Amino acid sequence: FKVLDDLGLILVPFSGYSSKDYTLHSGVQLIDYRPVNRTDAPLVRRGLVEHAGWVDRAMQFKSKLLTLSDETFQVVDISDRDRPVLNAALELTRNSVAFAVAGGYGIELSTGAQYDPYAYYGKGQIPDPEMRLTTVPLTDPNTAAPPASLTIKGSYGRAYTNGSAVYLVGSRYD
């Protein structure tokens, strides 16, 4: 965590698993602090900055909050501490689980880094994971700005192509 004395603010990065909805949550909790000798509460929970990936760092830069995880870098306006606003996000990595070539492009099947298709088994819950199908240029498959991306429901482990068609093999529980 980080204490910003000049703002009276504590930044608490967290990543954790919820037993209520069986999902992983990650972000930075904003907490105001005041001198203990005041009559009002010394600690006050404020807004939450949601974040993809396991949050490693949170720091102030001018009037913004910068957050960094293993997946994403974010710039957040915290002028209203109860309602932080995401100004910009840059994807740093994609958790690619399959890659195929179709129509001169790379087709990448990826998940969030926190994705665990086995986390639900034995808990009496039905998983509803999301995966992403991304088109990337073969000359630069790690591009930070892929030309196209599609989010799909389900757990897919393989991507196959036939000409320009892409076939996904996996499972989905309805």
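Refer to the structure printed above.
Conventions used here
- Residues numbered from 1 in each chain as written.
- Predicted model: local features only at pLDDT ≥ 70, side-chain atom pairs only at ≥ 80, totals over all residues.
- Heavy atoms only, no water.
- Pairing = 2+ DSSP bridges.
- Helix = DSSP H or I, 4+ residues; strand = E, 2+ residues; numbered from the N terminus.
- Axes fitted to C-alpha atoms, helices over the stretch in contact; angles between N-to-C directions.
- Polar contact = N/O pair within 3.5 Å; in protein donor to acceptor, adjacent residues only side chain to side chain.
- Contact = heavy atoms within 4.5 Å.
- Buried < 20%, exposed > 50% of the residue type's maximum accessible area, 1.4 Å probe, protein only.
- Salt bridge = Lys/Arg side-chain N within 4 Å of Asp/Glu carboxyl O.

A. Representation of the sheet that holds strand 7 (residues 72–77). Read from one edge to the other, the open sheet built from 4 strands follows the order 5-6-7-8, with strand pairing classed as antiparallel. Each having just a single partner strand, strand 5 (55–61) and strand 8 (85–91) make up the two edges of the open sheet. Put simply, the sheet's adjacent strands are angled 15° from each other on average, direction ignored.

B. Representation of the side chain of His-51. Mapped onto the elements, His-51 comes out in the loop between strand 4 (43–50) and strand 5. Within the local environment of His-51, its side chain forms a polar contact with the side chain of Thr-67, the two groups lying 2.9 Å apart. Once residues within four sequence positions are removed from consideration, His-51 is found in contact with Ser-26, Gly-27, Thr-67, Leu-68, Ser-69, Thr-72 and Gln-74.

C. Representation of unusual backbone geometry in the model. In this structure, Lys-62 is a non-glycine residue whose phi angle is positive, near 55°. On the secondary structure map, Lys-62 appears in the loop between strand 5 and strand 6 (64–69). The class for Lys-62 is exposed, based on a relative accessible area of 66%.

D. Inspection of the pairing of strand 7 at higher detail. The pairing of strand 6 with strand 7 spans 5 bridges and is antiparallel. Looking across to strand 7, one finds that Thr-67 is bridged to Gln-74. Counted between consecutive antiparallel strands, the loop separating strand 6 from strand 7 contains 2 residues. Bridging between strand 7 and strand 8 involves 6 bridges; their strand directions are antiparallel. The residue of strand 8 that forms the bridge with Phe-73 is Leu-90.

E. Expanded view of the pattern of salt bridges. One pass over the structure, following the stated rule, counts 5 salt bridges. Two residues, Arg-46 and Asp-32, come together in a salt bridge whose shortest N-O distance is 2.1 Å. Here Arg-46, found in strand 4, pairs with Asp-32, found in strand 3 (residues 23–33); they are 14 residues apart in sequence, far enough to count as distant. A relative accessible area of 6% means that Asp-32 is categorised as buried. Residues Arg-132 and Glu-91 are paired through a salt bridge, measuring 2.6 Å at the closest nitrogen-oxygen approach. Here Glu-91 lies in strand 8 and Arg-132 lies in strand 11 (residues 130–137), a separation of 41 residues in the sequence. For Arg-132, a relative accessible area of 26% gives the class partly exposed.

F. Fine view of the sheet that holds strand 11. Strand order in the open sheet formed by 4 strands is 9-10-11-12, with antiparallel pairing between adjacent strands. Each edge of the open sheet carries a strand with a single partner, namely strand 9 (95–102) and strand 12 (148–153). Strand-to-strand twist across the sheet, computed as the mean angle between neighbouring axes with direction ignored, equals 20°. Here 6 bridges tie strand 10 (residues 105–111) to strand 11, and the two strands are oriented antiparallel to one another. Counterpart to Ser-110 in the pairing with strand 11 is Arg-132.

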